[in-house]
Amino acid sequence: MISVNVTTEFTARDAFRAVKRGDLIIVIDVLRCTSTIVTALANGAKEIIPVKNLKEARRKHSENPNYLLAGERGGLKPSGFDLGNSPLEYTREKIFGRTIVLTTTSGTRTLENSKGAEWILVGSFLNLNAVTERALSIAIDEGIDICIVQSGTDGRFSLEDFICAGAIINGLIRSNVNLSDSARASYLGFKHVENDLFANIMKSEHSKRLVKLGFIKDIEFSCRVNLFPIVPFYKGESITLK
Ligand code: MLT
């Protein structure tokens, strides 16, 4: 029986290591970038183009004025942007059929740093089972390993991504997988809090910051499990469901 090695990395810049190894990458940024991407695509956005910085986002938008300009800096919508980074903003009415240029502090950076990997999937609690099953089946078919790249917060480790990585690993261990120490630690962390995800994620530094900014509902929403059975793929310059 084929066995798949599973590991997890803790920050955006660690994505380069996963690319170098040739792993299938699952990018996660529970609060809030990948929760936003999954919600936008579930609600009918055509595609998301992730970019690293504000200048690049504004440039793309001025070249394509019909695109929606979206993202955050310091958690807040930058001036002149159509949308912030709150998944709850991405309603069907606002985004159905639209191309969205998205720039966030850590999440879109992780996505950009993952470029070069053959397979880049976007994960969150919202699409937990779908992304886990799809990643495993691709890894087995292609004979490659899996790395869950946690975006972290501003270049540092973050609790919510560590727990979400553990939730994905919890799904993967039903098959023949070998866990690295970081993957096993994430898995054990998740098992410890699985019956009370929201309360535990609320203790994270990033949650505390978001609560101060008035975004507690985003945290609550991002902790919902398996709301959307979809798998976003990042290929070329955009993220779509194909
Ligand atoms: C990020 O990419 O750093 C986050 O999504 C920040 C946020 O909570 O808006």
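Note that the coordinates shown come from a computational prediction; the quantities given were computed from them, not determined experimentally. (Residues numbered from 1 in each chain as written. Predicted model: local features only at pLDDT ≥ 70, side-chain atom pairs only at ≥ 80, totals over all residues. Heavy atoms only, no water.)

Engineer: What's the story with the state of the cysteines in this structure? I'm lost.
Structural biologist: Working definition: the covalent bond between the sulfur atoms of two cysteines is a disulfide. Using the criterion set out here, one finds zero disulfides in the structure. Free of any disulfide, Cys147 has its nearest neighbouring cysteine sulfur in Cys164, separated by 13 Å. Not part of a disulfide, Cys223 finds its nearest cysteine sulfur in Cys164, a span of 9.3 Å. What makes Cys223 buried here is its relative accessible area of 8%. (Disulfide = S-S within 2.5 Å. Buried < 20%, exposed > 50% of the residue type's maximum accessible area, 1.4 Å probe, protein only.)

Engineer: Help me understand the site of the ligand, please; the structure alone is not making it clear to me.
Structural biologist: Around the ligand, a shell composed of Asp29, Leu31, Arg32, Cys33, Glu72, Asn85, Thr104, Thr105, Ser106, Gly107, His206 and Leu210 is seen. Asp29 has a polar side-chain atom sitting 2.9 Å from an oxygen atom of the ligand. Compared with its free state, where it exposes 270 Å², the ligand has 96% of that area covered by protein. Of the residues assigned to the shell around the ligand, the class counts are three nonpolar, six polar and three charged. (Near = heavy atom within 4 Å. Polar contact = N/O pair within 3.5 Å; in protein donor to acceptor, adjacent residues only side chain to side chain. Areas by Shrake-Rupley, 256 points an atom, 1.4 Å probe, with all protein chains shown as cover. Nonpolar A, V, L, I, M, F, W, Y, C, P; charged D, E, K, R; others polar.)

Engineer: When you look at the pattern of salt bridges in this model, what are you seeing that I'm missing?
Structural biologist: As a working rule, side chains carrying opposite charge can pair if their charged atoms are close by. Enumeration over the complete set of coordinates arrives at twelve salt bridges. For the salt bridge of Arg17 with Asp14, the shortest nitrogen-to-oxygen distance reads 3.4 Å. The partly exposed category is assigned to Arg17, whose relative accessible area is 45%. Given the relative accessible area of 13%, Asp14 is considered buried. A salt bridge links Asp23 to Arg21; the shortest N-O distance between them is 2.8 Å. (Salt bridge = Lys/Arg side-chain N within 4 Å of Asp/Glu carboxyl O.)

Engineer: Can you help me understand the nonpolar core in this one?
Structural biologist: As a rule of thumb, soluble globular proteins bury nonpolar side chains together. Formed by 40 residues in total, the largest nonpolar core has its most connected members in Val6, Leu24, Ile26, Leu121, Phe125, Ile146 and Ile168. Looking at this core, the elements with two or more residues in it are β1 (4-9), β2 (24-28), α6 (128-142), β7 (146-150), α7 (159-172), β8 (177-179), α8 (181-193) and α9 (197-201). Setting aside residues no more than four positions away along its own chain, Val6 makes contact with Ile146, Ile169, Leu172, Val177, Asn178, Leu179, Ser180 and Ala183. Ranked by size, the runner-up nonpolar core spans 30 residues in total, among them Val27, Ala40, Leu41 and Phe221. (Core = buried A, V, L, I, M, F, W, Y, C linked by side-chain atoms within 4.5 Å. Helix = DSSP H or I, 4+ residues; strand = E, 2+ residues; numbered from the N terminus. Contact = heavy atoms within 4.5 Å.)

Engineer: Which parts of the structure should I look at to understand the packing of α6 against α7?
Structural biologist: Helices that pack against each other are described as a pair by the angle of their axes relative to one another and the distance between those axes. The N-to-C vectors of α6 and α7 enclose an angle of 55 degrees; their axes lie 9 Å apart at closest approach. With respect to α7, the element α6 is oriented oblique. Note on packing geometry: the crossing formed by α6 with α7 is right-handed. In this structure, α6 uses Leu128, Val131, Thr132 and Leu136 to contact α7, whose residues at the interface are Ala167, Ile168, Gly171 and Leu172. (Axes fitted to C-alpha atoms, helices over the stretch in contact; angles between N-to-C directions. Parallel < 35°, antiparallel > 145°, perpendicular 65-115°, else oblique. Left-handed = near helix turned anticlockwise from the far one by under 90°.)

Engineer: Help me understand the packing of aromatic side chains in this model?
Structural biologist: The geometry of an aromatic ring pair is captured by two quantities: the separation of the ring centres and the angle between the planes. Under the counting rule described, the total for this entry stands at five aromatic pairs. A centroid spacing of 6.2 Å and a plane angle of 65 degrees characterise the contact between Trp119 and Phe233, whose relative ring orientation is edge-to-face. One end of the pair, Trp119, is in the loop between α5 (107-114) and β6 (120-123); the other, Phe233, is in strand β9 (residues 233-235), with 114 residues separating them in the sequence. Judged by its relative accessible area of 4%, Phe233 falls in the buried class. By way of ring pairs, the aromatic residues Phe10, Phe157 and Phe162 are connected into one cluster. Directly above the aromatic system of Phe215 lies the positively charged group of Arg32, at a separation of 4.4 Å from the ring centroid. Seen from the ring of Trp119, Lys235 lies directly overhead, with NZ or CZ sitting 4.8 Å from the centre. (Phe/Tyr/Trp six-rings, centres within 6.5 Å; stacked < 30°, edge-to-face > 60°. Lys NZ or Arg CZ within 6 Å of the ring centre and 35° of its normal.)

Engineer: Explanation requested: the environment of Gly22 in the structure shown.
Structural biologist: By the secondary structure assignment, Gly22 is in the loop between α1 (15-21) and β2. The spacing of Gly22 and Glu118 is 96 residues in sequence and 7.5 Å in space, taken between C-alpha atoms.

Engineer: Just to check I follow, could you spell out the environment of Gly107 for this structure?
Structural biologist: Within the secondary structure, Gly107 sits in helix α5. A residue is classified by how much of its surface remains accessible, and Gly107, at 0% relative accessible area, is buried. Separated by 16 residues in the primary sequence, Gly107 and Gly123 place their C-alpha atoms 11 Å from one another. Ignoring any residue separated from it by four or fewer positions in sequence, one finds Gly107 in contact with Val27, Asp29, Cys33 and Ser151.

Worth remembering: the numbers are spatial, not functional.
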